[in-house]
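# Summary of structural features
The chain contents come next:
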Amino acid sequence: MFQGRRIVVGISGGIAAYKVCEVVSTLAKAGAEVRAILTDAAQEFITPLTLATLCRHAAYTDAGFWQPNHSRPQHIELGEWAEAMLIAPLTANTLAKLVYGMADNLLTNTVLASTCPILLAPAMNTDMWEQSVVQHNWQQILATPRYHGVGPGAGILACDRVGAGRMVESEEILPHLSSILHTGGKRDLVGKQVLISTGGTREHFDPVRYLGNPASGRMGVALAQAAAHRGAQVTLVHAPMEPYLLATLSAVQQVPIVSAAEMHQAMRSHLPQADWIVMAAAVADVRPQTYWQEKLPKRDIPDTLALTAVPDIVADLATDKQPHQRLIGFAAQTGDFVTPAREKLQRKQLDAIVANPIDQPDSGFGSDRNQAIFLSAQGQQRDIAPCSKLQMAHYLFDFVHTL
Ligand code: C5P
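First things first, this report covers the structure right here in the doc. (Residues numbered from 1 in each chain as written. Predicted model: local features only at pLDDT ≥ 70, side-chain atom pairs only at ≥ 80, totals over all residues. Heavy atoms only, no water.)

## Brief notes about helix α10 (residues 218–229)
Because each turn of an α-helix spans 3.6 residues, side chains separated by three or four positions in sequence point in the same direction. Selection rule: Runs of H or I in DSSP of at least four residues are treated as helices and runs of E of at least two as strands, each being numbered from the N terminus. In a helix, the anticipated span is given by 1.5 Å times the number of residues less one. Accessibility here uses a 1.4 Å probe with only protein chains present; expressed as a share of the type maximum, an area under 20% marks a residue as buried, one over 50% as exposed, and anything in between as partly exposed.
Its twelve residues give α10 an end-to-end C-alpha distance of 16 Å, which sits within 8% of 16 Å, the value for a rise of 1.5 Å per residue. Burial of α10 is extensive: twelve of the twelve residues sit out of reach of the surface. Along α10, the residues classified as buried are Arg 218, Met 219, Gly 220, Val 221, Ala 222, Leu 223, Ala 224, Gln 225, Ala 226, Ala 227, Ala 228 and His 229.

Okay, structure coming up:
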């Protein structure tokens, strides 16, 4: 999603500046063109040489800004060139300057000389972050359409405080930047509640053993990120999954469940408030009929396990769907993946379905990438070539807008 994209990364002076190196390195390796601007204070923490090496391009500082040998002013060149900007770390000082439209260095001049969307990743000591004037500035800047915020998170800070003010990690910054590049910074889901299910449910027959499937929940995480980045309020009902995947979802309400029955209950209870419902979970089709409260000794495990069907959650949600709601399912298939998906779209009374081949390299369970054909109840079809799951999530929301 970053190949060939033009990104200006502004770095203001805080210890979290060292973390932006990881962001810049990943962007450059992903094929983005990156230009770094360091404030004077940023250079107390990291050097222009670090950024120039990672960007494969000279880094920009105020020293260069004031030199008379440019054909055009640097802030104009950079401002016109940028498709998106990231300011990370954002200090209290630079935040205040942005709020008041001040322009006293190359970074703040470039902001004013550009019109692209800007992602802000604040980082500072907890007391600084919690000052009412800083909070006021933060709310003010987020109310301005071109600015998007990510974090700060909470945790141990470099000043040994435990609290809010940590710059979020590159795993959270990069998807957000990627979303902004996809949408051009549009927040087209503001005011919408998006309810998403993901992961593979586990149907236990004793406290440790279960029937399950290899779904990682990554598709649902990508959907939750994409929806949140576009301004939606997002609830993610998820089966057990790797905590690091969920750690990138600080702005999403997370509802952990284990079994299909629990997922059913959670989805039903959140259904009335939801506008768009995306059922990306790999729900077990069957569960063991008997549940043993204690772990069964190996010798007592039965040779055959009686199974019973679990309710079809999405089909049940469809029976209570309001006219303004949109219900989207997934159909993970091997072989001919379109015919069964079309049949499920009708039988389950969905508005759209994602026909998802899981026997192709580079797609489906556990992969960061996916491919699909979107089908709508009105007969629309959209083929999605292999792409990242985040990109696919955005294509899906673009498609749902047309329903
Ligand atoms: O498993 P199947 O291929 O029928 O799944 C298609 C869609 O139905 C998916 O969106 C899945 O999340 C949903 N589903 C469900 N409840 C089930 C089985 C599947 O909601 N018990």
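## Quick notes on the site of the ligand
Put simply, the rule reads: When we say a residue is near a molecule or strand, we mean one of its heavy atoms is within 4 Å of it. In the analysis that follows, any N or O atom pair within 3.5 Å is treated as a polar contact, provided that within protein one partner can donate a hydrogen and the other can accept it, and provided that, for residues neighboring in sequence, both atoms belong to side chains. Where accessible areas are quoted, they stem from the Shrake-Rupley method and a 1.4 Å probe; at the residue level, only the protein chains shown are allowed to cover. Residues are grouped as follows: nonpolar covers Ala, Val, Leu, Ile, Met, Phe, Trp, Tyr, Cys and Pro; charged covers Asp, Glu, Lys and Arg; every other residue, Gly included, is treated as polar.
As a matter of local geometry, the ligand sits amid 14 residues, with Met 279, Ala 281, Val 314, Lys 344 and Lys 348 nearest to it. The backbone of Pro 311 places a nitrogen or oxygen atom 3.0 Å from a nitrogen atom of the ligand. Within the complex, the protein chains bury 89% of what would otherwise be the 440 Å² of accessible surface of the ligand. Elements that contribute at least two residues to the shell around the ligand include exactly α13 (313–319) and β16 (326–333). Partitioning the shell around the ligand into residue classes produces nine nonpolar, one polar and four charged.

## A few points about the packing of helix α1 (residues 17–29) against helix α2 (residues 48–55)
Filter applied, for reference: An axis is simply a line fitted to the C-alpha atoms; with a helix, the fit covers only the stretch in contact. Between two such axes, the angle follows the N-to-C directions and lies from 0 to 180 degrees. Under this scheme an angle from 65 to 115 degrees is roughly perpendicular, one under 35 degrees roughly parallel, and one over 145 degrees roughly antiparallel; angles in between are oblique. Left-handed describes a crossing in which the near helix is turned anticlockwise from the far one by less than a right angle; the clockwise case is right-handed. Here, residues are in contact when the closest pair of their heavy atoms is within 4.5 Å.
Running from N to C, α1 and α2 cross one another at 20°; their axes reach a closest spacing of 8 Å. Taken together, the axes of α1 and α2 are roughly parallel relative to one another. In the crossing of α1 with α2, the sense of the turn from one axis to the other is right-handed. Residues Cys 21, Val 24, Ser 25 and Ala 28 of α1 pack against Thr 50, Leu 51, Leu 54 and Cys 55 of α2. Here the contact of α1 with α2 is built from residues that sort into six nonpolar, two polar and no charged.

## Remarks on a nonpolar patch on the surface
Defined as follows: Residues qualify for a patch when their relative accessible area is over 30% and they have no salt bridge, like charges being joined within 9 Å and the nonpolar side chains of Val, Leu, Ile, Met, Phe, Trp and Tyr within 5 Å. Counted as salt bridges are all cases of a side-chain nitrogen of Lys or Arg within 4 Å of a carboxyl oxygen of Asp or Glu.
Together, Ile 15, Tyr 18 and Phe 45 line one region of the surface with nonpolar side chains, adding up to about 320 Å² of accessible area. By secondary structure assignment, the location of Ile 15 is in the loop between β1 (6–11) and α1. You can call Ile 15 partly exposed: its relative accessible area is 45%.

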